[in-house]
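If you want the building blocks of each chain, they are given just below.
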Amino acid sequence: MSEKIDTDKNKSFFRYIGPGILVTVGFIDPGNWAVNLAAGADYGYSLLWVITLSTLMLILLQHNVAHLGIVTGQCLAEAATTFFKPTVSRFLLGTALIAVVATSLAELLGAAIALNMLFKIPIILGAMLTALLCTIMLWTNAYRRLEMWIAGFVSLIAFSYLFELSLVKVNWPLAATGWVTPALPSGSVFLVMGILGAVIMPHNLFLHSEVIQSRQWNLEDKVLIVKQLRYEFLDTIFSMSIGWAINSAMILLAAATFFAHGVRVTELQQAQEMLIPLLGEHAAIIFAIALLFAGIASTTTAGMAGATILAGLFNKSYDMKDSYSRWGLVVSYVPALFTLSFITDPFYGLILSQALLSIQLPFTIFMQLYLTSSPQVMGQYVNQRATKYLLFTVGLLVTVLNLFLIYES
């Protein structure tokens, strides 16, 4: 009897797995590749702690915003439109859309670089092909099918890095120290901000609050809501842990190859080329294929986030059959493609886009904090005092780091 209960619990858990995976792909995107490879190549294992800290912060934020979606049946953008004055909600959601464009820029650029590595396709053409493919995927696939596609992409990226790491000699004692010991080597602030913006991404907060609603439930059934909250938390921890491992693997690979040989990484193509004499041609090809999958998957989720935000701006739910969501997709991709045509240094463009995301992040965090701490919005599921303090501390920390980055710049 107990075995049957355990089996039923396992089935229930796996039935709720999926929304967290969609979010995870957003922080193993090409922007992460750029900042993580640069961090590992320039500073070895010393910035691994940023991955650990930002992932812990991410779990708190993503669980909290999914909590909003489960309890209210609204995504973050819809809730902002409902509970804020129009001028305030338009400003906040407008900055979030700009962040989505910056995100899409990084995702499209990364996929285009991978296509250039593999097939010598020009960058701008590769970006346009990626945007077209992702548009078709979003217009023709339901949530569950997209979740399966993207879970497959994440698995391939993870296996690619496991293969790459099997070929190098990682200094595990130094890595273990780096994961838990904060350090700010000279000149590393820009990369620290880049990693932070690459892991805790504003568009993912909007996305998670929307996709969590793909699991149907009765908002009046308190028992079902509690069950949903419990399984969502497990899904978030499971999925974010996968993201932590993959991001860590990027820094480990760069530290064990480029930093160990005194090589600075200034572009992803160079990183691939340097892997050939160090690890062999197969490693370089797998590197490019994994980057391509990361670019396609994260471009798809960025488009979903942009559609969610623009629809929410008009108090509508995400639905690709609706014109608001489709225009949100256009707003996500077209300005990014236009901006891409003016970028002369793709690698620096990737890193800069992640730093820009970090600058927008406090707006989204404090908006989320206000909504999930409001009894009017959340009812009996309002944030506990400890959660409020933790969220405020995260928002304050990100704000202070942003001000320090501006001062350093």
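Residues numbered from 1 in each chain as written. Predicted model: local features only at pLDDT ≥ 70, side-chain atom pairs only at ≥ 80, totals over all residues. Heavy atoms only, no water.

An unreviewed UniProt entry lists the protein under the name Nramp family divalent metal transporter, with Candidatus Avacidaminococcus intestinavium as the source organism. We quote the UniProt Subcellular location (unreviewed entry) comment for the protein here in full: "Membrane". (UniProt positions renumbered as here; feature names shortened; annotations may be inferred.)

S.K.: Is there a simple way to think about the overall build of the protein in this case?
M.R.: Across its full length, the protein carries 18 helices and zero strands. Relative to its full complement of 409 residues, the protein shows a buried share of 58%. Of the contacts made within the protein by residues no fewer than 6 positions apart, 84% connect residues no fewer than 24 positions apart. Per element, the accessible surface of the protein, about 17000 Å² overall, is 68% carbon and sulfur. (Helix = DSSP H or I, 4+ residues; strand = E, 2+ residues; numbered from the N terminus. Buried < 20%, exposed > 50% of the residue type's maximum accessible area, 1.4 Å probe, protein only. Contact = heavy atoms within 4.5 Å. Areas by Shrake-Rupley, 256 points an atom, 1.4 Å probe, with all protein chains shown as cover.)

S.K.: What am I meant to see in a nonpolar patch on the surface here?
M.R.: A surface patch of nonpolar side chains, about 340 Å² in accessible area, is lined by I124, L125, M128 and L129. By the secondary structure assignment, L125 is in helix α7 (residues 123-140). Take L125: its relative accessible area is 40%, and that puts it in the partly exposed class. (Patch = residues over 30% accessible without salt bridge, like charges linked within 9 Å, V, L, I, M, F, W, Y side chains within 5 Å. Salt bridge = Lys/Arg side-chain N within 4 Å of Asp/Glu carboxyl O.)

S.K.: What exactly am I supposed to notice about the confidence of the model for the protein here?
M.R.: Predicted coordinates in regions of low pLDDT should not be interpreted in detail. Considering every residue of the protein, the mean pLDDT works out to 86; 90% of them sit at 70 or more. Averaged over each element, pLDDT in the protein is lowest for helix α1 (residues 2-16) (51) and highest for helix α5 (residues 76-83) (97). (pLDDT = per-residue confidence, 0-100.)

S.K.: Please clarify how the packing of α5 against helix α14 (residues 281-313) should be interpreted in this entry.
M.R.: The axes of two packed helices give the description: the angle between them and the distance between them. Taken N-terminus to C-terminus, the directions of α5 and α14 make an angle of 20°; their axes are 7 Å apart at the nearest point. The orientation of α5 relative to α14 falls into the category roughly parallel. Taken as a pair, α5 and α14 cross one another with a handedness that is right-handed. On α14, the residues touching A77, E78 and T81 of α5 are T308, I309, G312 and L313. (Axes fitted to C-alpha atoms, helices over the stretch in contact; angles between N-to-C directions. Parallel < 35°, antiparallel > 145°, perpendicular 65-115°, else oblique. Left-handed = near helix turned anticlockwise from the far one by under 90°.)

S.K.: Sorry if this is basic, but what is going on with unusual backbone geometry here?
M.R.: A positive phi angle, close to 60°, is found at K120, a residue other than glycine. The backbone of N315 sits at a positive phi, close to 60°, despite the residue not being glycine.

S.K.: So what exactly am I meant to see when it comes to the layout of surface pockets here?
M.R.: Space left empty within the atom packing is revealed by a probe, the size of a water molecule, rolled over the atoms. The calculated volume of the largest pocket comes to roughly 300 Å³. What lines the largest pocket is a set of 18 residues, among which I98, A102, L352, S353 and L356 lie closest to the centre. Contributions of two or more residues to the lining of the largest pocket are made by α6 (86-119) and α16 (346-372). For the lining of the largest pocket, the leading source of residues is α16, giving nine residues. Residue classes in the lining of the largest pocket are distributed as twelve nonpolar, five polar and one charged. (1 Å grid on protein atoms, 1.4 Å probe; cavity = no way out; pocket = protein on both sides within 12 Å on 5 of 7 lines; lining within 4 Å. Points joined across faces, edges and corners; volume = space filled by probe spheres on them. Nonpolar A, V, L, I, M, F, W, Y, C, P; charged D, E, K, R; others polar.)

S.K.: Honestly, the environment of F27 in this entry has me stumped. Any pointers?
M.R.: Inspection of the secondary structure puts F27 in the loop between α2 (19-24) and α3 (30-43). In this structure F27 touches N32, L58, A198, V199, M201, N204, M240, G243, W244 and N247, once residues within four positions along its chain are discounted.

S.K.: Would you explain the environment of F238 in this entry?
M.R.: With respect to the helices and strands, F238 occurs in helix α12 (residues 222-257). Overall, the relative accessible area of 38% leaves F238 in the partly exposed class. Separated by 217 residues in the primary sequence, F238 and I21 have C-alpha atoms spaced 8.7 Å apart.

S.K.: What exactly am I supposed to notice about the pattern of salt bridges here?
M.R.: When charged atoms on two side chains of opposite charge get close, those side chains can pair. Across all of its chains, the model carries one salt bridge by this definition. One salt bridge in this structure joins R264 and D42, with 3.1 Å as the shortest N-O distance. A residue pair is termed long-range when its members are at least 10 positions apart, and R264 in the loop between α12 and α13 (268-279) and D42 in helix α3 qualify at 222 residues.

S.K.: When you look at the packing of aromatic side chains in this model, what are you seeing that I'm missing?
M.R.: The description of an aromatic ring pair uses the distance of the two centres, along with the angle that the planes make with each other. Under the counting rule described, the total for this entry stands at eleven aromatic pairs. With centroids separated by 5.2 Å and ring planes inclined at 70°, the aromatic side chains of W33 and Y161 adopt a geometry described as edge-to-face. With W33 in helix α3 and Y161 in helix α8 (residues 143-166), this residue pair connects regions lying 128 residues apart in the sequence. With respect to class, W33 is no different from Y161; both count as buried. An aromatic cluster is defined as three or more aromatic residues linked by ring pairs; in this entry it consists of W33, Y161 and F287. One residue, R326, lies across the ring of W139, its end atom 4.0 Å from the ring centre. (Phe/Tyr/Trp six-rings, centres within 6.5 Å; stacked < 30°, edge-to-face > 60°. Lys NZ or Arg CZ within 6 Å of the ring centre and 35° of its normal.)

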